[in-house]
Structures are given as structure tokens and as C-alpha cells.
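Listed below, chain by chain, are the residues.
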Amino acid sequence: MLFAAHDRASFTLSVWLYSHLRDTTDGPVRVAAPITTVHLALTQRPRPHRDILFARCPLLGDNPLVAAIDYDAWARTYDDTRGASPSVLQPLLDALSAANGRSLLDIGGGTGNFALPLAQAGFRVALCDFTPEMVRRAAAKPWPETSGAALAVADAQRLPFRDASFDCAVSINVLGHVPDWRAYFGEARRVIRDGPFVLKGSTAETLKGNWTVEYLPGIRDYAPAYHYQPEEFIEGALRTAGFSRVEITRIHYGDMVDGSAQALKHYPEAFLDDDCIKNTATFLRLPANQLRAGLEAIRRHYRSGRLRQVIARYEPLARRYGDGSVFISRL
Ligand SMILES: C[S@@+](CC[C@H](N)C(=O)[O-])C[C@H]1O[C@@H](n2cnc3c(N)ncnc32)[C@H](O)[C@@H]1O
């Protein structure tokens, strides 16, 4: 595990994050620069980024479904189309209740799109994600000086933090990327002391209300086994991980700011432009020829007006099941 600090603010934050690190089976934590070197670095001109902690992610490389997405390449274009959707942010803030300087870990926080407004709302934020390029981009964001933002490259299934290091945690649109939920939820449970752990994800129910599956059945057929599971199943996995109470609310997108498949389905014109959908894992996973054929059919039906009828058929289901679920899990 590597650890480095670059400026006075991040040094203070590093100490905060460092104090939460645990030894791993790989051996003890390694510090990239000896503390004296870190002190020397403090006298140099501060660099415009925060420190990033690197933990090893040994479990991921062998999984073909995970390998289907080039995460570093994805990170480079991620913010072109993906931001913090108010339709998701508000339910998160409601679930977390007032920040009051509480510490919060964003698990699979990507480029920090949701962590940043949570920091602005007054949480002391730490973000971890297993894609180094995602974390590098998060590091370049304008974190409020008071937020204590700290960043780590780490696997959600094996967090490098000690038990009860954070007051609460969130994880947004990560569920369909992590194969071992027992480890993922177990780790979330382990590192928080009060909670809640607020998880936002797409479910089997949301897929029922998604008209794009009619054109792109691979969304369902190529989804990893751990994506698009029934709400009840996800709730059960959270309880198994040790959360005693799980409350579920369903979200309804009124914007496409986070560029997720569930948001985009409300904006069919987005499907006319390859650039609008380029950062959506649900589509990235599809074989290129199937994606092309499906998009062509969508565009044909858009022009002919038939798409409106197809979408109208799905609307009652989308209203009923929502566009995603927020699981608010308490200890
Ligand atoms: C759809 S993005 C969501 C990012 C961020 N939560 C957001 O809403 O903007 C999924 C993220 O999960 C991360 N991820 C995937 N598998 C992971 C794992 N095992 N541990 C940590 N992060 C993971 C990816 O690198 C990516 O940043």
C-alpha cells in the first residue's frame, strides 16, 4: 500500500486518512515517502492536487466482466457526460441528514461528482475507487478547504481502512461493478461507526421500466450476475452484511446530469448522439455490433415517431418501479 502527501493541506488530511489505515495481509502499510521527506515537501510550493493513497486491488484483474470495461479510459471521458444529478443528490442528503462535520466515505466515488457536493454540504469526505484515473480526476477538483477531502485507490471489497473509521458512507451506481457483495457490503459495514450506509443502484425492477432493453436486450443478457438484482435480494445482502435496518426509497430522474442509463431513458434524443451515451457502463458492456444495430433501430423509430409509442408503453412501469433505488442501511 502506498501513501504520499504533497502540500500542507493534504498533509493534514493524509494524517487523518493515514490514522484510519489498517495493516493488510499483503504486509504492513508502506509509506511512499518517509515522514521527514513529507515534512520537507511542506516547505515547497503546494501542488494543486490532494494526496492519493494507493491500496492493492488484487481481485479484479481476473474477472472477465470487470475486464469488459477499460476503467481508466472511461475515467478520461467520464465527466464529459456525468455529473451529480440533483434527482440523486437530494435523496442522499435526506438519508444522511445534517452533515455537522461528520466524516463520510464515498465507496466507488469515481471522479468525485457526488463526493464534492457532499463535501460542500459540510461532510468531511474521503473517496475511494479502484480506478487510479478516476481518483486522479477527483483529486483535481476544487474541494472546500474545510471538508478534509482525502482520496484512495482501493477495492470496495477490501477497504484499507480500520474498523469504524467513518461516521457514514455512500456508494452510488457502483453495485453493478462489484462482483462480491458479501465483501463489499461487509466492508461498508465494518468501516462505519454510526451510519447510515446509503447505497444507490439500479435494480431488476428498474430494468422492467426501461424501454431501451427492447432495442438492446444485451443490457439484460450481458449484465453481470450482480447487476440488476431485485430490491429484495439487495436488501437481504445488506442485512446479511450486518445492517439491522434497511429502508428503501425509489428515485425518479428529472434530469440526465449523471448520464446513467436509467436517467437517459427519459431523454430519447440523447440516443441520437453517440457522445451522449459513451460513458454508460450498461452500453459499454454490449458487443459493438449489437449496440450499433440497437441504436440504429432507436434512431429509425425516433424519426418515424414509433419510439414515442414504445416509450409510452413503458412509462407506467417506470413510474411504478422508479429509476433506481436508494437503500438506507443502519447498524
Ligand atoms: C458508474 S461509476 C460511479 C462513480 C460515482 N459513484 C458516480 O456516481 O459518479 C462506477 C465506479 O465504480 C468504480 N468501481 C468499480 N469496481 C470497483 C471496486 N471493486 N472497488 C471500488 N470502486 C470500483 C469504478 O472505477 C467507477 O468509478
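Predicted model only: the values in this text are computed from it and were never measured.

Cut-off values and rules
- Residues numbered from 1 in each chain as written.
- Predicted model: local features only at pLDDT ≥ 70, side-chain atom pairs only at ≥ 80, totals over all residues.
- Helix = DSSP H or I, 4+ residues; strand = E, 2+ residues; numbered from the N terminus.
- Buried ≥ 20, exposed ≤ 12 C-beta atoms within 10 Å, placed from the backbone.
- Contact = placed C-beta atoms within 7 Å.
- Axes fitted to C-alpha atoms, helices over the stretch in contact; angles between N-to-C directions.
- Parallel < 35°, antiparallel > 145°, perpendicular 65-115°, else oblique.
- Nonpolar A, V, L, I, M, F, W, Y, C, P; charged D, E, K, R; others polar.
- Core = buried A, V, L, I, M, F, W, Y, C linked by C-beta atoms within 7 Å.
- Pairing = 2+ DSSP bridges.
- Right-handed = clockwise from strand over helix to strand, strands pointing away.
- Near = placed C-beta within 6 Å.
- pLDDT = per-residue confidence, 0-100.
- Expected span 1.5 Å × (residues − 1).
- Bend = angle between axes of the 7 residues up to and from the residue.

A few points about the overall build of the protein
Within the protein one finds 16 helices and 9 strands. Each of the 331 residues in the protein was classed as buried or not, and the buried ones make up 45%. Counted over contacts in the protein with a minimum sequence separation of 6, partners at least 24 positions apart contribute 78%.

Thoughts on the packing of helix α15 (residues 288–304) against helix α16 (residues 306–321)
Close contact between α15 and α16 brings their axes to 5 Å; oriented N to C, the two are set at 105°. Taken as axis vectors, α15 and α16 run roughly perpendicular relative to one another. Residues I298, H301, Y302 and S304 of α15 pack against R306, L307 and V310 of α16. A per-class count over the contact of α15 with α16 returns 4 nonpolar, 2 polar and 1 charged.

Considering the nonpolar core
Counting residues in hydrophobic clusters, the biggest one holds 79 residues, and the most contacted among them are L104, V125, L151, A169 and V198. Looking at which element gives the most residues to this core, the answer is helix α5 (residues 86–96), with 5 residues. Beyond its immediate sequence surroundings of up to four residues, L104 is in contact with L118, F123, R124, V125, F166, D167, C168, A169 and V170.

Quick look at the pairing of strand β6 (residues 168–172)
Counting buried residues along β6, 5 of its 5 residues qualify, which places the element largely inside the surrounding structure. The alternating pattern of β6 places C168, V170 and I172 and A169 and S171 on opposite faces, both of which are buried. Summarising the sheet, strand β3 (residues 103–107) and β6 pair through 3 bridges and their orientation is parallel. What sits directly across from D106, in β6, is V170. The pairing of β6 with strand β7 (residues 197–201) spans 4 bridges and is classified as parallel. Of the residues in β7, the one forming a bridge with A169 is F197. With helix α8 (residues 181–191) bridging β6 and the parallel β7, this β-α-β connection has right-handed handedness.

Structural notes on the site of the ligand
G108, G110, T131, A156 and H177 are the nearest of the 21 residues found near the ligand. Looking at the shell around the ligand, its residues break down into 10 nonpolar, 8 polar and 3 charged.

Digging into the confidence of the model for the protein
Interpretation of this model should avoid reading the predicted coordinates in detail wherever pLDDT is low. Chain-level pLDDT for the protein is 84 on average; 80% of the residues reach the 70-or-more range. Scored below 50 in pLDDT, residues 1–13 shows 43 contacts in the model against residues more than four places distant or in partner chains. Throughout residues 56–66 the model reports pLDDT below 50, and contacts reaching past four residues in sequence, or to other chains, amount to 14 contacts.

Regarding α15
Here α15 is 17 residues long and its end C-alpha atoms lie 24 Å apart, about the 24 Å a rise of 1.5 Å per residue gives. Directly after α15, the chain includes G305, whose backbone phi takes a positive value near 95°.

Thoughts on the pairing of β3
With 5 of its 5 residues buried, β3 lies for the most part within the structure. Residues S103, L105 and I107 of β3 are buried on one face, and the alternating residues L104 and D106, pointing to the opposite face, are buried as well. Where β3 meets strand β4 (residues 124–129), 5 bridges bridge the pair, whose relative direction is parallel. Residue pairing in the sheet places L105 in a bridge with A126 of β4. For the crossover from β3 across helix α6 (residues 115–120) to β4, the handedness is right-handed.

With respect to α16
Compared with the 22 Å implied by 1.5 Å per residue over 16 residues, the 24 Å span of α16 between its first and last C-alpha is a close match. Along α16, the sharpest change in direction is near 35° and occurs at Y314; proline P316 comes one to four residues later. Just downstream of α16, G322 is the residue with a positive phi angle, here 80°.

A look at the packing of helix α4 (residues 71–81) against helix α7 (residues 132–139)
The contact between α4 and α7 brings their axes to 7 Å, and the two run at 30°. Accordingly, the angle class assigned to the pair α4 and α7 is roughly parallel. On the side of α4, the interface is formed by D72, A75, R76, Y78 and D79, while α7 contributes P132, E133, M134 and R137. For the contact of α4 with α7, the residue count by class is 4 nonpolar, no polar and 5 charged.

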